[in-house]
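# Fold and contact review
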Amino acid sequence: MEMSQIQADLGYLILGIVFVAMGLITLLITALRSASRDATILLFGAMSCVWGGRFLLYTQLVPLLLTGDPQALQGLERALSYFSGAAAFGFAWAFLGPGWRGSLRFFAWLGLAF
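### Some thoughts on helix H4 (residues 74–96)
- Here H4 contains 23 residues, and its C-alpha end-to-end distance of 33 Å stays within 8% of the 33 Å for a straight helix at 1.5 Å per residue.
- The sharpest bend along H4 comes to roughly 25 degrees, located at Phe83.

Right, here's the structure in full:
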């Protein structure tokens, strides 16, 4: 792996690490707070982990370190890209409510369909 490729992937690496750390900390705090298990906070943590994992898999360095082949985890990257929209709609649904006449729920299911 060349230094120029690492420099090109640096932005995705930083974003991925920040999002995964933020998501894991949020999930840990939610798990430790047994009195209130708010779905909004739980979905925010899950959404952050999914987006962070997606950013990390965009790079060539992380798949190379995990499998030895920089292109090996493209299927997982595509799956995380597919489910990141659903996680975002789930968070918005929990945070904002169902929306006008259930429009947010409709778009969440539409996002899962496509």
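### Re helix H2 (residues 39–58)
- With 20 residues, H2 extends 28 Å from end C-alpha to end C-alpha; this agrees with the ideal 28 Å at 1.5 Å per step.
- Considered for burial, the residues of H2 that qualify are Thr40, Gly45, Met47, Ser48, Cys49, Gly52, Gly53, Arg54, Phe55, Leu56 and Leu57.
- Where H2 is buried, its residues meet helix H1 (3–32), helix H3 (61–67) and H4.

### Description of the environment of Leu76
- Within the secondary structure, Leu76 sits in helix H4.
- Expressed as a C-alpha distance, the spacing of Leu76 and Arg54, which sit 22 residues apart in the sequence, is 8.4 Å.

About the criteria used
- Residues numbered from 1 in each chain as written.
- Predicted model: local features only at pLDDT ≥ 70, side-chain atom pairs only at ≥ 80, totals over all residues.
- Heavy atoms only, no water.
- Helix = DSSP H or I, 4+ residues; strand = E, 2+ residues; numbered from the N terminus.
- Expected span 1.5 Å × (residues − 1).
- Bend = angle between axes of the 7 residues up to and from the residue.
- Buried < 20%, exposed > 50% of the residue type's maximum accessible area, 1.4 Å probe, protein only.
- Contact = heavy atoms within 4.5 Å.

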